[in-house]
Amino acid sequence: SAEQPLASRTILFAHAGAGWSSGSGRDGLLQDVSSVRSVSAGLGLRQQAVLTDGDRLTVAISQPLRVDGGSADLDRPVGRTVDGRVLHERQRLDLEPAGRETDLELACGLNLGPDRALSVNWLSRLEPDHAPDARPEHAIGLRFDQTF
């Protein structure tokens, strides 16, 4: 994560993450799991004192954590023989999802005094859960902070 002031009241912020998990999985449904790579990233801009000294406006775009490479064998039961032996079928699976979720966020905040603040956030998720055919999801949040 990093923040960079662009002007006296404007801040550019970004975050990026990457992960790597070593392969495993010798028993159960998933076997011969390869190494799995994952990534996340985001970029945003925050402007303070847009209309008054105590307000702020934030716009951000991000990609939540997503598997970026990896595979596993699915060893699933498909039947039984007459003598009771379980029949299995193995299939190689690509763990990388077909879609790529993108989150868009707009946040407005206002200081209501030295110990109070109010903020409203709008979030839109495109291809939620990295599902390419998923309908966009939207959420709105309202937050009130009071310091005692």
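Presented here is an overview of the structure given in this document.

A separate point is the environment of Arg66. The topology assignment puts Arg66 in strand β5 (residues 55-69). Judged by relative accessible area, Arg66 falls into the buried class, the value being 4%. Distance from Arg66 to Gly99, taken between C-alpha atoms, is 9.5 Å for residues 33 residues apart in sequence. At 3.5 Å, the side chain of Arg66 forms a polar contact with the side chain of Glu96. In terms of polar contacts, Arg66 uses its side chain to reach the backbone carbonyl oxygen of Gly99, at 2.9 Å.

In this section: the pattern of salt bridges. Under the definition given, this model contains 11 salt bridges. For the salt bridge of Asp73 with Arg92, the shortest nitrogen-to-oxygen distance reads 3.0 Å. Residue Asp73 is found in strand β6 (residues 71-80), and its partner Arg92 is found in strand β7 (residues 86-94); the two are separated by 19 residues along the sequence. With relative accessibility at 12%, the residue Asp73 sits in the buried group.

Looking at the largest pocket, its volume works out to about 270 Å³. In terms of lining residues, the largest pocket is bounded by 20 residues, among which Phe13, Thr58, Glu105, Ala107 and Asn121 are the most central. Secondary structure elements with two or more residues in the lining of the largest pocket: β2 (10-21), β4 (36-48), β5, β8 (102-113) and β9 (116-126). Of the residues belonging to the lining of the largest pocket, the class tally is nine nonpolar, seven polar and four charged.

Let us look at the sheet that holds β7. Read from one edge of the open sheet, three strands run β3-β6-β7, paired in antiparallel fashion. If you trace the sheet from one side to the other, it starts and ends with β3 (30-31) and β7, each paired once. One ladder, built from two bridges, connects β3 with β6; its direction is antiparallel. Within β6, the position partnered with Gln31 by the bridge is Asp73.

So, on to the sheet that holds strand β10 (residues 137-146). Read across the sheet, seven strands follow the order β1-β2-β4-β5-β8-β9-β10 without closing on themselves; strand pairing throughout is antiparallel. The open sheet has two free edges, formed respectively by β1 (2-7) and β10, since each of these has just one partner strand. Ignoring strand direction, the axes of neighbouring strands in this sheet form an average angle of 15 degrees. The sheet contact formed by β5 and β8 spans eight bridges and is antiparallel. Bridging from a neighbouring strand, Arg56 pairs with Gly109 of β8.

The rules behind these values
- Residues numbered from 1 in each chain as written.
- Predicted model: local features only at pLDDT ≥ 70, side-chain atom pairs only at ≥ 80, totals over all residues.
- Heavy atoms only, no water.
- Helix = DSSP H or I, 4+ residues; strand = E, 2+ residues; numbered from the N terminus.
- Buried < 20%, exposed > 50% of the residue type's maximum accessible area, 1.4 Å probe, protein only.
- Polar contact = N/O pair within 3.5 Å; in protein donor to acceptor, adjacent residues only side chain to side chain.
- Salt bridge = Lys/Arg side-chain N within 4 Å of Asp/Glu carboxyl O.
- 1 Å grid on protein atoms, 1.4 Å probe; cavity = no way out; pocket = protein on both sides within 12 Å on 5 of 7 lines; lining within 4 Å.
- Points joined across faces, edges and corners; volume = space filled by probe spheres on them.
- Nonpolar A, V, L, I, M, F, W, Y, C, P; charged D, E, K, R; others polar.
- Pairing = 2+ DSSP bridges.
- Axes fitted to C-alpha atoms, helices over the stretch in contact; angles between N-to-C directions.

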